[in-house]
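Take a look at the letters that make up each chain.
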Amino acid sequence: MDIKVRVWRQSGPSAAGKMVTYDVKGISPDASFLEMIDVLNETLILGGDDPIAFDHDCREGICGACSMVINGVAHGPEKATTTCQLHMRKFSDGDVIDVEPWRAAAFPVIKDLVVDRSAFDKIIQAGGYITAPTGTAPDAHATPVPKKDADAAFEAATCIGCGACVAACPNGSSMLFTAAKIAHLGLMPQGQPERDSRVIDMLQAQDDAGFGGCTNAGECTTVCPKGIPLSLIGRLNSDYRKAITTR
């Protein structure tokens, strides 16, 4: 395949950025999108140019580091798929592909396609933990958990914190991420001691980090590579209303 790739290039956080067009030739349809960027970077390096900076780690669709907006869609055109698991066969010979970073006030660009997602860490630090007594670990079956709750908690816990929800949201909101982290602890008996303080503190950390408010546009769950449901935001809102009336 021969394609054109228009990539956002920005040398630093305070520098002006622009879209730069590159020709990429002879790409296998079986190559992943990141492998295509690797090939392009090899060409740039051989030509004495600065390679495109982008985040990546596991390349197995698990970590969520591969944050790119491809043709206007976070992680690209294939649903429930991270960028690293997107393959070039989803595109056609001769296509022009736009590649941009996550765009949100809370995710400032560091360089090219790399953004600072430490705002998510601050939300987790505010309440993503449980109180556990020290001493001998309890038996695994000592605290029964109804299967319905266990399944719902596991679904919420599959959130990988990639930030696609923020990138897709017209308000730059992180409500789907925050809702998932609150729900997967709040659904388990071990998470009950901090249930009220958790939702209040994590939402405050979200606001402090500069994320926008949720208006239920639903774009977040559409691009989520793990299919986190929008209903978790409703659960978060319910937990918050209860927390502020009992605190």
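For every chain, the first residue of the written sequence is number 1, and numbering continues from 1 along that sequence. Only residues with pLDDT of at least 70 get local features here, since the model is predicted, and only at 80 or more are side-chain atom pairs given and counted; chain-wide, interface and lining totals rely on the full set of residues. The side-chain numbers reported here are obtained from all heavy atoms of the structure, hydrogens and water having been left aside.

As recorded by an unreviewed UniProt entry, the protein chain carries the name Succinate dehydrogenase/fumarate reductase iron-sulfur subunit and is attributed to Actinoplanes subglobosus. UniProt positions are given in the numbering used here, feature names are shortened, and annotations may be inferred rather than shown by experiment. Within the UniProt record for the protein chain, the comment given under Sequence similarities (unreviewed entry) is "Belongs to the succinate dehydrogenase/fumarate reductase iron-sulfur protein family."

Q: Break down the overall build of the protein chain for me, with residues and values.
A: Strands are runs of DSSP state E lasting at least two residues, helices are runs of H or I lasting at least four, and both sets are numbered from the N terminus onward. Along the backbone of the protein chain there are 8 helices and 7 strands. When its C-alpha atoms are laid out on the principal axes, the protein chain stretches across 60 × 35 × 35 Å. Within the protein chain, buried positions represent 44% of all 247 residues. For the area figures, the Shrake-Rupley method with a 1.4 Å probe applies, and any residue is considered shielded solely by the protein chains shown. Here the protein chain has roughly 12,200 Å² of accessible surface; of this, 52% comes from carbon and sulfur atoms. To sort residues, take the accessible area from a 1.4 Å probe on protein chains only and compare it with the maximum for the residue type: under 20% means buried, over 50% means exposed, and anything in between is partly exposed.

Q: Explain the packing of helix H2 (residues 118–127) against helix H6 (residues 195–208) residue by residue, including any values.
A: When two helices pack together, their arrangement is captured by the angle between the axes and the distance separating the axes. Angles shown run from 0 to 180 degrees and are taken between the N-to-C directions of axes, each axis being a line fitted to C-alpha atoms and, for helices, limited to the stretch in contact. It is the contact of H2 with H6, at a shortest axis distance of 8 Å, that shows an interaxial angle of 160°. Comparing their axes, H6 and H2 come out roughly antiparallel. As H2 runs across H6, the sense of the crossing is right-handed. Residues Lys122, Ile123, Ile124, Ala126 and Gly127 of H2 touch H6, and the partners they reach there are Arg198, Asp201, Met202, Ala205 and Gln206. Just so you know the grouping, Ala, Val, Leu, Ile, Met, Phe, Trp, Tyr, Cys and Pro go in nonpolar, Asp, Glu, Lys and Arg go in charged, and all remaining residues, Gly too, go in polar. Taken together, the residues that form the contact of H2 with H6 break down as 5 nonpolar, 2 polar and 3 charged. Orientation categories follow fixed angle ranges, with anything under 35 degrees roughly parallel, anything over 145 roughly antiparallel, 65 to 115 roughly perpendicular, and all other angles oblique. Crossings are assigned a handedness: left-handed for a near helix turned anticlockwise from the far helix by less than a right angle, right-handed for a clockwise turn. Only heavy atoms enter the contact rule, under which two residues are in contact if any of them lie within 4.5 Å.

Q: So what's going on with unusual backbone geometry? Which residues, and what values?
A: At arginine 59, a residue that is not glycine, the phi angle is positive and equals roughly 55°. By the secondary structure assignment, arginine 59 is in the loop between helix H1 (33–46) and strand E3 (69–70). One non-glycine residue, aspartate 112, lies in the positive phi region at around 50°. As for its placement among the helices and strands, aspartate 112 is situated in the loop between strand E6 (109–111) and strand E7 (114–115).

Q: Any chance you could break down helix H8 (residues 231–246) for me, citing the residues and the numbers?
A: Helices are assigned an expected span. That span is 1.5 Å times one less than the residue count. Between its first and last C-alpha, H8 extends 23 Å over 16 residues, near the 22 Å set by a 1.5 Å rise per residue. What H8 keeps buried is the set Leu232, Ile233, Leu236, Asp239 and Ala243. Down the axis of H8, the sector holding all buried residues measures 120°, keeping them to one side. The exposed residues of H8 that point more than 90 degrees off its buried face are Ser231, Arg241 and Thr245. Tucked inside the fold, the buried residues of H8 contact helix H3 (147–157), helix H5 (175–186), H6 and helix H7 (219–223). Taking the helix axis as origin, the arc is that swept by the directions to the C-beta atoms.

Q: With reference to specific residues and values, describe the pattern of salt bridges.
A: Salt bridge, as used here: a side-chain nitrogen of Lys or Arg that lies within 4 Å of a carboxyl oxygen of Asp or Glu. Tallying each qualifying case throughout the model produces 12 salt bridges. One salt bridge in this structure joins aspartate 23 and lysine 4, with 2.7 Å as the shortest N-O distance. A residue pair is termed long-range when its members are at least 10 positions apart, and aspartate 23 in strand E2 (residues 18–24) and lysine 4 in strand E1 (residues 3–9) qualify at 19 residues. When its relative accessible area of 37% is taken as the criterion, lysine 4 is described as partly exposed. Its salt-bridge partner being aspartate 50, residue lysine 111 comes within 2.9 Å of it at the nearest N-O pair. Of the two residues, lysine 111 sits in strand E6 while aspartate 50 sits in the loop between H1 and E3, which places them 61 residues apart along the sequence. Aspartate 50 gets classed as partly exposed once you look at its relative accessible area, which sits at 41%. Three or more residues are tied together by salt bridges with common partners; here these are Arg9, Asp50, Lys111 and Asp112.

Q: Can you tell me about the packing of aromatic side chains, naming the residues and giving the values?
A: Under the pairing criterion, centres of Phe, Tyr and Trp rings, with the six-membered ring standing for Trp, must be within 6.5 Å; the plane angle then separates stacked pairs below 30 degrees from edge-to-face pairs above 60, leaving the rest tilted. All chains considered together, the criterion is met by 5 aromatic pairs. Through successive ring pairs, a cluster of aromatic residues spans Phe107, Phe120, Phe177 and Phe211. The residue whose ring lies beneath arginine 103 is tryptophan 8, and the NZ or CZ to ring-centre distance is 4.3 Å. Each ring is checked for a lysine NZ or an arginine CZ that lies within 6 Å of its centre and within 35 degrees of its normal; such an atom marks a charge sitting over the ring.

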